[in-house]
Amino acid sequence: VHVAVEMAPICKVGGLGDVVTSLGRAVQDLGHRVEVVVPKYDVMKYGLIEDMVELEGFMWGGTYNSVSYGKVENLDVYFIGPQNGFFDCGMIYGADWEPMPMTDRERFGFFSKAALEWMLQSKRNPDIIHCHDWSTGPTAKSFWEDYQPYGLNNPRMVFTIHNLNFGEEEIEEAMTYTQKATTVSPTYASEVWNHPSVYPAHGKFYGIRNGIDPDIWDPLHDEFLNFPYSAENVVEGKRRAKEQLCAHLNMPMTDQPVIGIVSRLTQQKGTELMEHAIRVALGRGCHVCLLGSTFDPDMQENWDQFSNEMKQFNHNAVRMVFSYDEPLSHLIYAGADMLLVPSMFEPCGLSQLIAMRYGTVPVVRRTGGLADTVFDVDHDKLRAEHELMQVNGFSFDGADVEGIEYALHRAIDAYHNDPKWWYETLSKGCMDQDWTWARPAMDYIEMYHSARKN
């Protein structure tokens, strides 16, 4: 049973929501029974829940808690709706910033324990309870202290850290009480194992990389593409996708590289390096298209100014769209020749995996999951062979402009030196790699068995 505060596509904010759904489906596909329990938010996309029905609720925590059931992406999902208003406030996260008498910590702490109460009262006794990030971290301690001795005695706890930047107290507590803990890539695990919240429990801490859902990200069956393609017709597919992207953004079609960025605009994502790289790319005659969003008004103002400045000098070659735009994200992943991901830290990163699925070559900073999934064309041949992979992109170290210039110039040079090789070997090779959940799901199942032995 996954206990989580996000789930794609019904209540998704970031990658956590994708993981809960995709990992759940992949483990279920291997023959195991999977259930998910989430809060019943008033802002959920109810139209994406199939056959939703209300079940018997329960009194607990000073309030009545409704329980509903429905199918989401073929998974059994249960929704807990306390009548105290915790999840009827028009948001998933963000109560701390609003004039309301509750915090996210209180809301999710309540839900973390209500999920256990629901399991006890509905006489569930699963093999594994898998909780995610600080928001459902309190489930682990509460399970052992308040529920395991009183009838909910079969489960073992597994806890996944998706981002160590939030909720260190809850993470440290969950690490103490869980049987096994994971984070979302091997390199991120090696970067954070000595963090004060993790270190005391690092012996039971593993990195298992995230995957992407091949049904959602599939250039051969993508509803947003006019011309579906696969690795077999990658040259024509990429050309047609580039034409569609340029037309959509009202840019002239070009034989120069198109460089795409699909990202939140935060310091973590390397916004200063992005700006520098955009200047360099435009200076070399490339086209650039960026799809980005930010909650920070100062950051937004900065990017508005930068966008206006770039358009003044390179009107036909640059387009920046500041919104959440699902169709455009698909067009950039398919129509760009390269995707730029210069993150300062990146627990796993999904954009580089999606890009490769569409034959778009990643140019990344070597950190976290980016280091685990991108093998540099010039420098990682041996590492790729060792891991039975092929080189698939360009990477750089350090957080200065010299690093990103080095990677970007090499990528642009490689494109110009041999366009045939770029598409028929590099691009096709990216598409042929398997970044789905198939392998990670087997790693999780192995870890679930191991947690049962503890």
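Whatever comes next refers back to the structure up there.
Residues numbered from 1 in each chain as written. Predicted model: local features only at pLDDT ≥ 70, side-chain atom pairs only at ≥ 80, totals over all residues. Heavy atoms only, no water.

Participant: In this structure, what is going on with the overall build of the chain? I would like to understand it.
Facilitator: Helix and strand counts for the chain come out as 16 helices and 15 strands. Within the chain, the fraction of its 454 residues that count as buried is 59%. Here the analysis covers contacts within the chain between residues at least 6 apart in sequence; of these, 67% occur between residues at least 24 apart. For the chain, the exposed surface amounts to about 19100 Å²; the carbon and sulfur share of it is 51%. A distance of 4 Å separates the average location of the 37 positive side-chain charges in the chain from that of its 64 negative side-chain charges. (Helix = DSSP H or I, 4+ residues; strand = E, 2+ residues; numbered from the N terminus. Buried < 20%, exposed > 50% of the residue type's maximum accessible area, 1.4 Å probe, protein only. Contact = heavy atoms within 4.5 Å. Areas by Shrake-Rupley, 256 points an atom, 1.4 Å probe, with all protein chains shown as cover. Lys, Arg positive; Asp, Glu negative; His and termini not counted. Charge placed at Lys NZ, Arg CZ, Asp CG, Glu CD.)

Participant: I'm lost on the pairing of strand 6 (residues 128–132) in this one. Help?
Facilitator: Side chains on a regular strand alternate between the two faces of the sheet. Of all the five residues making up strand 6, five are buried; the element is thus mostly covered by neighbouring parts of the structure. Across the two faces of strand 6 the burial is the same, with Ile128, His130 and His132 and Ile129 and Cys131 all buried.

Participant: Explain the packing of aromatic side chains here, please?
Facilitator: A full pass over the atoms with the stated rule returns 20 aromatic pairs. Aromatic side chains Tyr93 and Phe108 sit 5.6 Å apart centroid to centroid with 75° between the ring planes, which places their arrangement in the edge-to-face category. Of this pair, Tyr93 sits in the loop between strand 5 (75–82) and helix 2 (104–121) while Phe108 sits in helix 2, and the two are 15 residues apart along the sequence. Classification of Tyr93 by relative accessible area gives partly exposed; the value is 27%. Residue classification places Phe108 among the buried positions, given a relative accessible area of 0%. Ring pairs connect the aromatic residues Tyr41, Trp60, Phe86, Phe87, Tyr93, Phe108, Phe110, Phe111 and Trp134, which therefore count as one cluster. The side chain of Arg124 reaches across the aromatic face of Tyr78, ending 4.6 Å from its centre. (Phe/Tyr/Trp six-rings, centres within 6.5 Å; stacked < 30°, edge-to-face > 60°. Lys NZ or Arg CZ within 6 Å of the ring centre and 35° of its normal.)

Participant: Got a minute to help me understand the pattern of salt bridges in this structure?
Facilitator: For side chains bearing opposite charge, pairing can occur when the charged atoms are close. Counted by the stated rule, this structure contains 26 salt bridges. Between Glu35 and Arg124 there is a salt bridge; the shortest N-O distance is 2.8 Å. Here Glu35, found in strand 2 (residues 35–39), pairs with Arg124, found in the loop between helix 2 and strand 6; they are 89 residues apart in sequence, far enough to count as distant. A relative accessible area of 18% places Arg124 in the buried class. Across the pair Glu236 and Arg240 runs a salt bridge, and its minimum N-O distance is 3.2 Å. Separated by four residues within a single helix, Glu236 and Arg240 lie in helix 7 (residues 234–248), roughly one turn from each other. Overall, the relative accessible area of 32% leaves Glu236 in the partly exposed class. Residue classification places Arg240 among the partly exposed residues on the basis of a relative accessible area of 33%. (Salt bridge = Lys/Arg side-chain N within 4 Å of Asp/Glu carboxyl O.)

Participant: Would you mind showing me how to read the packing of helix 4 (residues 138–147) against helix 5 (residues 168–177) here?
Facilitator: Contact geometry for helix 4 and helix 5: axes closest at 7 Å, N-to-C directions at 45°. One way to sum up the angle between helix 4 and helix 5 is to call them oblique. Note on packing geometry: the crossing formed by helix 4 with helix 5 is left-handed. Seen from helix 4, the contacting residues are Pro138, Ala140, Lys141, Trp144 and Glu145; seen from helix 5, they are Glu170, Glu173, Ala174 and Tyr177. Of the residues assigned to the contact of helix 4 with helix 5, the class counts are five nonpolar, no polar and four charged. (Axes fitted to C-alpha atoms, helices over the stretch in contact; angles between N-to-C directions. Parallel < 35°, antiparallel > 145°, perpendicular 65-115°, else oblique. Left-handed = near helix turned anticlockwise from the far one by under 90°. Nonpolar A, V, L, I, M, F, W, Y, C, P; charged D, E, K, R; others polar.)

Participant: Please explain the sheet that holds strand 9 (residues 205–207) as it appears in this structure.
Facilitator: Through backbone hydrogen bonds, the strands of a sheet pair up, either in parallel or in antiparallel fashion. Across the sheet, nine strands lie side by side as 3-4-5-2-1-6-7-8-9; this open sheet has mixed pairing. Each of the sheet's edge strands pairs with one partner strand only, and the pair in question is strand 3 (50–60) and strand 9. Alignment of strand 2 against strand 5, held across five bridges, turns out to be parallel. When the sheet's bridge partners are listed, Glu35 is paired in strand 5 with Asp76. Each of strand 1 (2–3), strand 3, strand 6 and strand 7 (156–161) touches helix 4; the most contacted strand, strand 7, lies at about 165° to it. On the sheet, helix 5 packs against strand 7, strand 8 (180–183) and strand 9 and is oriented at approximately 145° with respect to strand 7. (Pairing = 2+ DSSP bridges.)

Participant: Would you mind going over the packing of helix 7 against helix 15 (residues 419–432) with me for this structure?
Facilitator: Helix-helix packing: each pair is described by the crossing angle between the helix axes and the interaxial distance. Relative to each other, helix 7 and helix 15 sit at 85°, their axes nearing to 10 Å. When the interaxial angle is binned, helix 7 and helix 15 end up roughly perpendicular. Touching Val234, Val235, Lys238 and Lys242 of helix 7 are Tyr423, Glu424, Ser427, Lys428 and Met431, all from helix 15. Considering only residue class, the contact of helix 7 with helix 15 consists of four nonpolar, one polar and four charged.

Participant: When you look at a negative patch on the surface in this model, what are you seeing that I'm missing?
Facilitator: A surface patch of negative charge is lined by Asp296, Asp298, Glu301 and Asp304. Within the element layout of this structure, Asp296 appears in the loop between strand 11 (287–293) and helix 9 (297–313). (Patch = residues over 30% accessible without salt bridge, like charges linked within 9 Å, V, L, I, M, F, W, Y side chains within 5 Å.)

Participant: What is the right way to read the pairing of strand 11 from this model?
Facilitator: Burial within strand 11 is extensive, with six of its seven residues counted as buried. The pairing of strand 10 (residues 258–264) with strand 11 spans seven bridges and is parallel. Each bridged residue has a counterpart across the sheet, and for Val262 the counterpart in strand 11 is Leu291. Of the crossover connections in this fold, the one passing from strand 10 over helix 8 (residues 271–283) to the parallel strand 11 is right-handed. Pairing analysis gives five bridges linking strand 11 to strand 12 (residues 318–322), with the strands arranged parallel. Bridge pairing links Gly292 to Phe322 in strand 12. (Right-handed = clockwise from strand over helix to strand, strands pointing away.)

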